[in-house]
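Survey of secondary and tertiary structure
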Amino acid sequence: MASNAPYSPRRVVIGFTVLILVYLTIVYVIPRPAAVKPEGWHLTGIFLATIVGSILEPVPAAAIVLMAIAVTPILTKVELARALSGYSDAVVWLVIAAFFISRALINTGLARRIALLFVRLVGTSSLGVSYALALSDMVLAMMIPSNGARCGGVTLPIVRSIAELYDSRPGETAGRLGSYLMTSVYQSICVTTAMFFTGQASNALAASIASKQFGVPITWSSWFLAGIVPGLCSLAAVSWVVLRLNPPEIKETPEAAQFAADKLREMGPLSPKEKILAAVFVGVCSLWITGWVDVTTTALGGVFVLLLTGVITWEDCKSEKAAWDMFVWYGGLVQLGRLLSDFGVTRAFAENVVGTFASSGWIALFGITLLIYFYAHYGFASITAHLLAMFPPFMALLLAKGAPAGLTAYAFICFTNLSAGLTNYGTTPTPMFYAQGYVSLGKWWRIGLIVSFVNILIWSVVGFTWWKILRIW
């Protein structure tokens, strides 16, 4: 999650001092495993310093990654062309193309129209409003790879408008409706981020790591099939559980459905651009599901159609700062992770840890590490940082102990997203919702903890069983 704090000279000096100390500690203080060459150990220092830098952000995270790529040829024997090769990765271009399509969804108003349609259909109760917004975010998550864009541009403004429709505002009237909607809709968004390849930006990075480092192919369609059943079960349960934990004073909300109907009437019929975009949306998702065409080629083809028809312009693409910011950090992180694998660092970690847990079978170790991994998110303000720091070594450890590769990959990747519901800083949308002022810190954390138990139970029972049926493991 990017910080909004100014990057002062003091912050830069302190931050980079910490990063340098991290690098020097790894390389010169911690003993290098015999199986890892010096170049690999220097890469480990660079990688861990990059992760710490992404958390502290003395400068923006993308700049940290670009600096790491720049110093890699200097501190190791890796050629610059090889260090930069992550920017040619097809998955990186898939995500950036999806960002452009998501900009069209928001700019044309089609994303807001989808959300309002759901509210009009099932928004006659507080629980129904929560379900409506959860389902609309689910639909948008099939294409928009930024949970922050979905929330900031679509979901959160509707939540706030409906709360204020019932005169529920931060403070004494928060409990009328707003407090419930803020907590239930946010928890649902954490589920939708886990359901799809495009649920949030670093999901594609996780799929790339699973495929290229551990031989577990994860595509848009395979993730869709894996996530849809446990995801729908979680969406059904979460809003209801939060209703019991944080009940609103107002249970029936006919005005919300009317509000949505009025807004849809104001928007009028679908514009020509919305019709074209809807066709592209359905076409791209259909091709992703069937797998007839490469997913990146499909996404770029969708962008091509939108540019030709004027739904978006090249100026729109150039001004999509989040996409280009993602391109820099994502492409660099993809290659840093790949280099760690190529130099045997991940394997060496797994072999050392396996020796520590030599007496444990993979099933016991899988359960222990998955819980540790999930609740370690209390220490992270970024799904990406959590994923990069812990997913590759835990994955390598469990594979070395004989755990099924597909089960391990999907479990850890999905649980990374679900764990974002624990705190008020777990992922990009979290501070957007929490900062509205409807929910106290204690209540937010209590709800997050209890919902985590529900999600873990559903995904461990329903999810693992469903994945067995799909022969993922």
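Residues numbered from 1 in each chain as written. Predicted model: local features only at pLDDT ≥ 70, side-chain atom pairs only at ≥ 80, totals over all residues. Heavy atoms only, no water.

**Comments concerning the overall build of the chain**
Threshold: Working definition: helices are DSSP H or I runs of at least four residues, strands are E runs of at least two. Numbering for both runs from the N terminus. Radius of gyration: C-alpha atoms only; globule rule: 2.2 Å multiplied by the number of residues to the exponent 0.38. Burial status follows relative accessibility: with a 1.4 Å probe on protein chains alone, a residue under 20% of its type maximum counts as buried, one over 50% as exposed, and anything between as partly exposed. Contacts were defined at the residue level, with two residues in contact if any of their heavy atoms lie within 4.5 Å. Under the convention used here, a 1.4 Å probe and the Shrake-Rupley method define accessible areas, while residue burial counts only the protein chains that appear. Charged-residue counts in this description rest on Lys and Arg as positive and Asp and Glu as negative, His and the chain ends being excluded. Where a charge lies is defined by one atom per residue type, namely NZ (Lys), CZ (Arg), CG (Asp) and CD (Glu).
Scanning the chain from terminus to terminus reveals 22 helices and zero strands. What you see for the chain is a C-alpha radius of gyration of 22 Å, in line with the 23 Å of a compact globule of 473 residues. For the chain, the proportion of its 473 residues judged to be buried stands at 57%. The long-range share in the chain, meaning contacts at least 24 apart out of those at least 6 apart in sequence, stands at 79%. Surface summary for the chain: the accessible area is close to 18,500 Å², and the carbon and sulfur share equals 67%. If you average the places of the 30 positive and of the 21 negative side-chain charges in the chain, the two averages end up 5 Å apart.

**Section: the side chain of Thr72**
With respect to the helices and strands, Thr72 occurs in helix H3 (residues 61-75). Here Thr72 falls in the buried class, since its relative accessible area comes to 1%. Not counting residues within four places of it along the chain, the set of residues in contact with Thr72 comprises Leu43, Ile46, Val78, Ala83, Leu336 and Leu339.

**Focus on the side chain of Glu274**
The line we're drawing: Here a polar contact is recorded for every N or O atom pair within 3.5 Å, except that within protein the pair must consist of a potential hydrogen donor and a potential acceptor, and residues adjacent in sequence are included only if both atoms are side-chain atoms.
With respect to the secondary-structure elements, Glu274 resides in helix H13 (residues 272-290). Side-chain polar atoms of Glu274 contact the side chain of Arg113, separated by 2.9 Å. Excluding anything up to four places from it in sequence, Glu274 contacts Thr108, Gly109, Leu110, Arg113 and Pro269.

**Here's the deal with the nonpolar core**
Defined as follows: Among the buried residues, those of types Ala, Val, Leu, Ile, Met, Phe, Trp, Tyr and Cys that are joined through side-chain atoms within 4.5 Å form a nonpolar core.
Counting residues in hydrophobic clusters, the biggest one holds 163 residues, and the most contacted among them are Tyr330 and Trp467. Take this core: its biggest share by element is twelve residues, from helix H5 (residues 90-107). Leaving out residues up to four positions away in the same chain, Tyr330 has contacts with Val91, Val92, Val95, Ala204 and Leu205.

**Some details on the pattern of salt bridges**
As a reminder, the rule being used: A pairing counts as a salt bridge when a side-chain nitrogen of Lys or Arg comes within 4 Å of a carboxyl oxygen of Asp or Glu.
According to the stated counting rule, one finds 13 salt bridges in the structure shown. Salt-bridge contacts for Asp89 lead to Lys212; the nearest nitrogen and oxygen are separated by 2.0 Å. Taken together, the positions of Asp89 in the loop between helix H4 (80-83) and H5 and Lys212 in helix H10 (residues 202-214) put the pair 123 residues apart, joining distant regions of the chain. Residue classification places Asp89 among the buried residues on the basis of a relative accessible area of 5%. Between Lys318 and Glu315 there is a salt bridge, and its shortest N-O distance comes to 3.0 Å. Remark: Glu315 and Lys318 occur in helix H15 (residues 314-318); sequence separation between them is three residues, near one turn of the helix.

**Section: the state of the cysteines**
What counts, and what does not: Put simply, a disulfide is two cysteine sulfurs that come within 2.5 Å.
Within the structure shown, the criterion is met by zero disulfides. Here Cys233 is not cross-linked by a disulfide; its sulfur's nearest cysteine counterpart is in Cys414, at 13 Å. Cys414 takes part in no disulfide bond, and the closest cysteine sulfur, belonging to Cys190, lies 13 Å away.

**Here we look at the environment of Ala435**
Along the chain, the position of Ala435 falls in the loop between helix H21 (429-434) and helix H22 (441-469). Relative accessible area serves as the criterion here: at 61%, Ala435 is assigned to the exposed category. When the C-alpha atoms of Ala435 and Asn424 are compared, they prove to be 9.0 Å apart, with eleven residues separating the residues in sequence.

**Some words on the packing of helix H2 (residues 38-56) against H3**
This is how the line gets drawn: The angle between two axes is taken between their N-to-C directions and runs from 0 to 180 degrees, where each axis is a line fitted to C-alpha atoms and a helix contributes only its stretch in contact. Note that the term roughly parallel is reserved for angles under 35 degrees, roughly antiparallel for angles over 145, roughly perpendicular for angles of 65 to 115, and oblique for everything else. By convention, the crossing between two helices is left-handed when the near helix turns anticlockwise from the far helix through less than a right angle, and right-handed when the turn is clockwise. For this scheme, ten residues count as nonpolar: Ala, Val, Leu, Ile, Met, Phe, Trp, Tyr, Cys and Pro. Four count as charged, namely Asp, Glu, Lys and Arg, and the remainder, Gly too, count as polar.
Relative to each other, H2 and H3 sit at 165 degrees, their axes nearing to 9 Å. When the axis of H2 is compared with that of H3, the two are roughly antiparallel. The interaxial crossing formed by H2 with H3 has right-handed handedness. Here His42, Leu43, Ile46, Thr50, Gly53 and Ser54 of H2 lie close against H3, whose contacting residues are Ala61, Ile64, Val65, Ala68, Val71, Thr72 and Leu75. Within the contact of H2 with H3, the residues separate by chemical class into eight nonpolar, five polar and no charged.

**Some remarks on empty space enclosed by the protein**
The condition is simple: In the cavity and pocket records, a cavity denotes points on a 1 Å grid over the protein atoms alone where a 1.4 Å probe fits but cannot get out, a pocket denotes an open set with protein on both sides within 12 Å along at least 5 of 7 lines, and lining residues are residues with an atom within 4 Å of a point. Grid points are joined across faces, edges and corners, and a volume is the space filled by probe spheres set on the points.
Considering all chains together, one arrives at one cavity of 30 Å³ or more under this definition. Taken as a whole, the largest cavity holds about 50 Å³ of empty space. As for the largest cavity, its lining consists of Leu205, Ser208, Ile209, Lys212, Gln213, Leu333, Val334, Gly337 and Arg338. Mapped onto the lining of the largest cavity, the elements with two or more residues apiece are H10 and helix H16 (321-342).

**Remarks on the layout of surface pockets**
Roughly 380 Å³ of internal volume is contained in the second largest pocket. Along the walls of the second largest pocket sit 19 residues, with Thr44, Leu48, Val345, Phe349 and Pro393 positioned nearest its centre. Broken down by secondary-structure element, the contributors of at least two residues to the lining of the second largest pocket are H2, H16, helix H17 (345-356) and helix H19 (383-400). A per-element tally of the lining of the second largest pocket places H17 first, with five residues. By residue class, the composition of the lining of the second largest pocket is 14 nonpolar, five polar and no charged.

**Looking at the packing of aromatic side chains**
For clarity, the cut-off: In this analysis, rings of Phe, Tyr and Trp, with Trp reduced to its six-membered ring, are considered paired at centre separations within 6.5 Å, and the interplanar angle assigns stacked below 30 degrees, edge-to-face beyond 60, and tilted for intermediate values. For a lysine, the NZ atom is tested; for an arginine, the CZ atom; a charge sits over a ring if that atom is within 6 Å of the ring centre and within 35 degrees of the ring normal.
Across all of its chains, the model carries 26 aromatic pairs by this definition. Judged by centre distance (5.4 Å) and plane angle (40 degrees), the ring pair of Tyr87 and Phe327 falls under tilted. Of this pair, Tyr87 sits in the loop between H4 and H5 while Phe327 sits in helix H16; the two residues are 240 residues apart in sequence, bridging distant segments of the chain. Note on Tyr87: relative accessible area 14%, which makes it buried. Accessibility expressed as a relative area gives 14% for Phe327, which makes it buried. Here the aromatic residues Trp362, Phe366, Tyr373, Phe394, Tyr410, Phe412, Trp459, Phe464 and Trp467 are joined through ring pairs into a cluster of three or more. For Lys468, the ring lying beneath its charged end belongs to Trp473, and the centroid distance is 4.3 Å.

Geometric values such as these leave the question of function open.
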